[in-house]
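Close look at the chain arrangement
One-letter residues, chain by chain:
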Amino acid sequence: MSFRPNAPVKAILGPTNTGKTYFAIERMLAHPTGMIGLPLRLLAREVYQRVVERVGVQAVALVTGEERIVPEKPRYWVATVEAMPTDIHVDCVCIDEIQTAIDFDRGHVFTDRILHTRGLQETLLLGSLTMAGVIYKLVPHVEIIERSRFSQLTYSGSKKMSRLPARSAIVAFSARQVYAIAELMRRERGGAAVVMGALSPRTRNAQVELYQNGDVDFLVATDAIGMGLNLDIGHVAFADDSKFDGRQSRPLTPSELGQIAGRAGRHKRDGTFGVTGGTEGFDEELVIALETHDFEPIKVVQWRNSALDFSSLERLHASLEKAPSDRTLTRVPVATDQLALEFLARNEAASLVKGQNSVKLLWECCQIPDYQGISPAAHGEIVTRIYSDLRRKGSVNADWIAEQVRFCDNAEGDIDTLSNRIKQIRTWTFVANRKNWLEDPIHWREKTRDIEDRLSDALHERLTQRFVDRRTSVLLRHLKDKRMVSPEINERGEVRLEGHLIGTLEGFRFTLARTEGDTDAKGVRTAAESVVAPEIHHRADRLAGAPNEEFVLTTDGRLRWRGEVVAELAEGDSLYRPRIITLADESLTGPDLDRVQDRLSLWLRHHINTVLEQVMSLEAPADVEGTARGIAYRLFENLGVMPRAAMADDVKGLDQDERGKLRKLGIKFGAYHIYLPLSLKPAPRELALILFALKNGGVRQAGVTDIPHIVLSGRTSFLVDPEVDTRLYEVAGFKVAGKRAVRIDILERLADIIRPLIALDASRPYQGELPVGAAEANGFRVTVEMTSLLGCSGEDFASILSSLGYRLRKTVKVAAPVEVVADAPAADAADAVATEGAAPAAEAEVAAPAAPAEPEFDEVWFPGGRRHNENNQNRRPEGRGRRPEGEGAQQQERRPNERPRNKGPRRPEGEERNTRPAGKTRPEKTERPENRRPPQREERKVAFDPNSPFAKLAALRGKSE
C-alpha cells in the first residue's frame, strides 16, 4: 500500500471512553474510500454493521481470517488488522488499538501496519496515550491528538460478588474461573453473560446482546472486554489481577488494568472499579494511576521483518530471523507460523518446495491460525497435509476436508465440547476463505460458516441455560422498565411474564417458580413479588367488595374465595367465634390487609349464624326458663346434639308445658338423643364438626375431612374408623353403635319400629294379623325394614342391637317332615338291570344316605335385663328359651354352655366330657368308640317319635346297613 509523503498521519491517543473509534469511522466516511483495521473479529463485525447502516451493504466489505464479504465495488473496507488487504489503495486508513503492538503473539503485525500502511489522503492511528513516545520515534512526522475521557473513573474498593451493583463486569483470566463466577452469579443474582476470547464471535455477540438488552445485569469476562467492546458497564470488578499469557503467569501491568477498568462508565456517565472474590485491594499508587490514566509509556514494540525472501526455505527462515535496526523495536519471539514453518522444513513437505511460488505458498499455509491450541506438532501435521495437497493436486482433497468438517457438524454436547468443535471448524473456515485452495470454495465457505453459526448458537444456548435464569432476567428488566407488559395470570394461578413462568399466585400468596439447581435469592424473590404486587392490591379490592356467594369454608378449615385459599381458621375465644388467619405474603399489608380481614370476619360470622341458625337460637331462648333453659343451653354448647342419658334427670323433671316450649324451638326428645332434626343436614354438621375440631385436637386430625363426605353421600350407617375420635361421629350426627356409626335420626326411626313390637306378646291372643317381626315373650325378630333402614345386616346389624342393650335368644327351628319313598323290591331291580344288559344287581352301587342338614335357628331379640319364657312366666336368663315342640319328650332343655347332642361332629378322642347333673336323662347320641363308653353302663336305645325327622334318618341308615 503506497502513500504520498505529505499525506498526514495522525495519532488519536487517550484512555477508554474518549470516542476514538467513533471519530475514526466518521473521518473514514468523510473520504470517498477508506479502510479500518480492528483488533477483534467481533469488533470488526460491529463496525461493519454500523458502516453498512450509513452507506449501504454494497459499499462495504468485511474481511477477517474466517469471514469474507466483498461486494462487487466496495468503497470501504472493514477488517481485522491481520487480514487488512495491503494491496488496495484507499483515501483514509485507520488502525485501532495500536498499543497491541506490545503483544508477543500479534504485536509484530500491528507494528508493521503502523510502519507501512498508509492512506492516500489521511492515516489515523488510534490507541492508548502510552504509545505517544513510540509513535514519535517510528513516525516522526505524526500529529498526536490527545483526547480526554468523557466520564470519571473512581475506585470503590472491595465488594462481595453478591453485593456488586447492577451493570457490573467481573473480570477473570481463565475459563474455569469465569464459569465458576458465572454459576455463582446465577444462584445469587439471577445470571450473567459470559465473554471470552475463546468464544466464537457469533457467540460473544449473542452473550453481549444478552447483557446489553438487560436480560442480565452482570457480565463475567476475560480481558477480551478491554479491547474495543463498547458495553454499558457501570462497574468493573477484578476477581484476579494476574493471568497466564501463554508462556507464564504474571501480574497485569497498570496499563492493562487501566484498559479493562476503563470500560466502566460510558459517554457522560461515570464509572467505578474495584476488586472482588478475595482479590487483594489495589494500593494507593495504582489507584491514582488508574483514576488519572497516567501509566508508564511504552518504550519498545514487537517487530518482525515483513520484507521476506521467498527464494528458498533457508532464505525465508533467515529473513524471519532478521533483527530490527531501531532500538524502539524488539524482535518478536518465535510465533506459531514460524514454528509451523520449522516443522514443515523437517518433514516430507520440504521436498515439495521448488521455486519462489512454492515457498510463498508454504508460508501462506504456515499462517493458518492454531485456533485449537493444540501442540505445534499436531498443528504442523494439519498444515503439512494442506500444503502437500496444494502442491500435488492443486487443491485440498475434498474428501479429506469433508471428513474434518463432518466431525465438527454436531451441535450436541456441553459447553466445553461445543467450544472445541467451534475451534476446529474455525480452522476449516479459515482454509475455505483462502484463494484457490479448494475446488469449490463457495460451497465450503457456506458449509463451514453454517456449521460455525449453528455451533455458536448452541454454545450460546448452553451458556444461557447454565449461567442465566431467564425468568430472573425478565423480572429485572420489568423492574427497570415500568412500560413492560403486565404479568399474565391463568386459571391455574400461573404468573407468566413475556412467556416465562415466574411463579404461582394462590389467593394472596405468591410462590416463586423453582428452576433446576437454583436457590431463590432474596433479590430475585423481591423482584418477583414487586411484579405481582399490583395484582395482589387489585385482588384485595375485589375481595373487600365480594358477595357472600364467592366465599366457601372447606372441611379442612380453610376459607376460599373464588376457589383460592385466602385464610384458615384457628381456635378462638369461644366455640362459635374462631380466629381467622389471613394467608398472605408481605405484599398484602396496611389498609389492604385490614380490609381483607374485616371482610372475611364479617362473612364468617354471617356463615355461622346462618348455617347454625337453629342451634344459635338456643343460647338465650325467649320465654324459656329453669330446667328447660338449661337443657336448651346445653344443646347450644354441644352444637345441637346430646345423648339423652346425659340429661335424663333433667328431662324427667320437665312438665308438658316446658316440653312444648322446647319442641317449638325444634328440639326432639328421642329414645337415645335429644337433638335438633334440622341441624342434622350436611351443611350444619360439617360446620359443627369444624368448630368442634378447632377446640378439640384441630382440623388436621383424622376424620374431620372424611366424615363430611360420608354425610353428603346419604349413608345411614357405616363402619367406624378406630383411629377417629368417637366424639367426632357424635358431632357429625352419628352414634357409634357396635362396629358401625348410625345416623341419629335413623336410630330413632329404628326405635320407633321396635317399640310396638316389644309391647306385645305373640304367644297370646291378638286381634288381626300380627305385625312383621313380632315374637313371643315381648321380643322381636329382625325385619327387612330394619336392615334396609340402617343399610346393613347380619353381624353388623346384630352389633348395633347389642350396643343398644338388646339381647339375643337363639333356638333351633323345627324342620318340616320329609317324605321317604320306599325302595323298589330287589327282584324288580335285578330285572331292570338284566333288561339293560348291565352287571348283576348284587354288584350295583347303593346310593349313600344324604348328610343331615345344618340346623336353622330362630333369633329373637329382647330388651336388655328382661327374663322370659313362652308364657312370660318364670323367665329364664337371656339366650335360654324353651326347646321347640316336636323334638320328643326325652330331649331336655340345654344349658347355656352345653353343646347340642347328636348335631355336631363327634368329640375328638381324648376330649374331656361335660359331667351331667343327677336326674337328667341322656339324649340319643351317635356311636362313640368303644374305649370311650362307660363300661359300667349298658347302652340304652331311645325310642323316637315316628314322625320325627330323626326317626326317618335312622330308618334310612338301617336300610343302607
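Right, let's get into the overall build of the protein. Across its full length, the protein carries 30 helices and 34 strands. Going through the 961 residues of the protein one by one, you find that 46% of them count as buried. Partitioning the contacts of the protein with sequence separation of at least 6, the portion at a separation of at least 24 is 66%. Summing over all exposed atoms, the protein offers an accessible surface of approximately 48600 Å²; the carbon and sulfur share of this is 49%.

Tallied over the entire structure, the rule returns 47 salt bridges. In this structure, Glu 452 and Arg 41 form a salt bridge, with 3.3 Å as the shortest nitrogen-oxygen distance. Here Arg 41 lies in helix H2 (residues 41-55) and Glu 452 lies in helix H15 (residues 441-467), a separation of 411 residues in the sequence. Judged by relative accessible area, Glu 452 falls into the buried class, the value being 1%.

Here we come to the sheet that holds strand E11 (residues 193-195). Backbone-to-backbone hydrogen bonds join strands into a sheet, with any given pair of strands oriented parallel or antiparallel. Strand order across the open sheet formed by six strands is E9-E16-E13-E10-E12-E11, with parallel pairing between neighbours. Of all strands in the sheet, those bounded by a partner on one side alone are strand E9 (153-158) and E11. Pairs of neighbouring strands in the sheet enclose a mean axial angle of 25°, with direction left out of account. On top of the sheet, helix H5 (residues 175-189) reaches strand E10 (168-171), E11 and strand E12 (218-221); it is set at about 165° to E12, its chief contact.

Right, let's talk about H2 for a bit. In an α-helix there are 3.6 residues to a turn, and that puts residues three or four apart on one side. A rise of 1.5 Å per residue sets the reference length of H2, with its 15 residues, at 21 Å; its end C-alpha atoms lie 21 Å apart and thus fit the reference within 8%. All of the buried residues along H2 are Arg 41, Leu 42, Leu 43, Ala 44, Val 47, Tyr 48, Val 51 and Val 52. Just downstream of H2 lies Gly 56, where phi reads positive at about 100°.

Before going further, it helps to spend a moment on the side chain of Gln 701. With respect to the secondary-structure elements, Gln 701 resides in the loop between helix H23 (682-695) and helix H24 (707-713). Within polar-contact distance, the side chain of Gln 701 engages the backbone oxygen of Gly 698 at 3.0 Å. With near-sequence residues (within four places) excluded, Gln 701 lies in contact with Ala 693, Asn 696, Asp 725 and Leu 728.

The next point concerns the nonpolar core. Ranked by size, the top nonpolar core spans 71 residues in total, and within it Leu 559, Tyr 576, Leu 600 and Leu 662 carry the most contacts. Here this core gets eight residues from one element, more than from any other, and that element is H23. Val 194, Leu 199, Ile 401 and Leu 455 belong to the second-largest nonpolar core, a separate cluster that totals 65 residues.

So, on to a negative patch on the surface. Side chains of Asp 283, Glu 284, Glu 285 and Glu 296 sit close together on the surface and give a patch of like negative charge. Structurally, Glu 296 is set in the loop between helix H8 (284-292) and strand E17 (301-303). According to the relative accessible area criterion, Glu 296 is exposed, its value standing at 70%.

How each quantity is defined
- Residues numbered from 1 in each chain as written.
- Predicted model: local features only at pLDDT ≥ 70, side-chain atom pairs only at ≥ 80, totals over all residues.
- Heavy atoms only, no water.
- Helix = DSSP H or I, 4+ residues; strand = E, 2+ residues; numbered from the N terminus.
- Buried < 20%, exposed > 50% of the residue type's maximum accessible area, 1.4 Å probe, protein only.
- Contact = heavy atoms within 4.5 Å.
- Areas by Shrake-Rupley, 256 points an atom, 1.4 Å probe, with all protein chains shown as cover.
- Salt bridge = Lys/Arg side-chain N within 4 Å of Asp/Glu carboxyl O.
- Pairing = 2+ DSSP bridges.
- Axes fitted to C-alpha atoms, helices over the stretch in contact; angles between N-to-C directions.
- Expected span 1.5 Å × (residues − 1).
- Polar contact = N/O pair within 3.5 Å; in protein donor to acceptor, adjacent residues only side chain to side chain.
- Core = buried A, V, L, I, M, F, W, Y, C linked by side-chain atoms within 4.5 Å.
- Patch = residues over 30% accessible without salt bridge, like charges linked within 9 Å, V, L, I, M, F, W, Y side chains within 5 Å.
- Lys, Arg positive; Asp, Glu negative; His and termini not counted.
- Charge placed at Lys NZ, Arg CZ, Asp CG, Glu CD.

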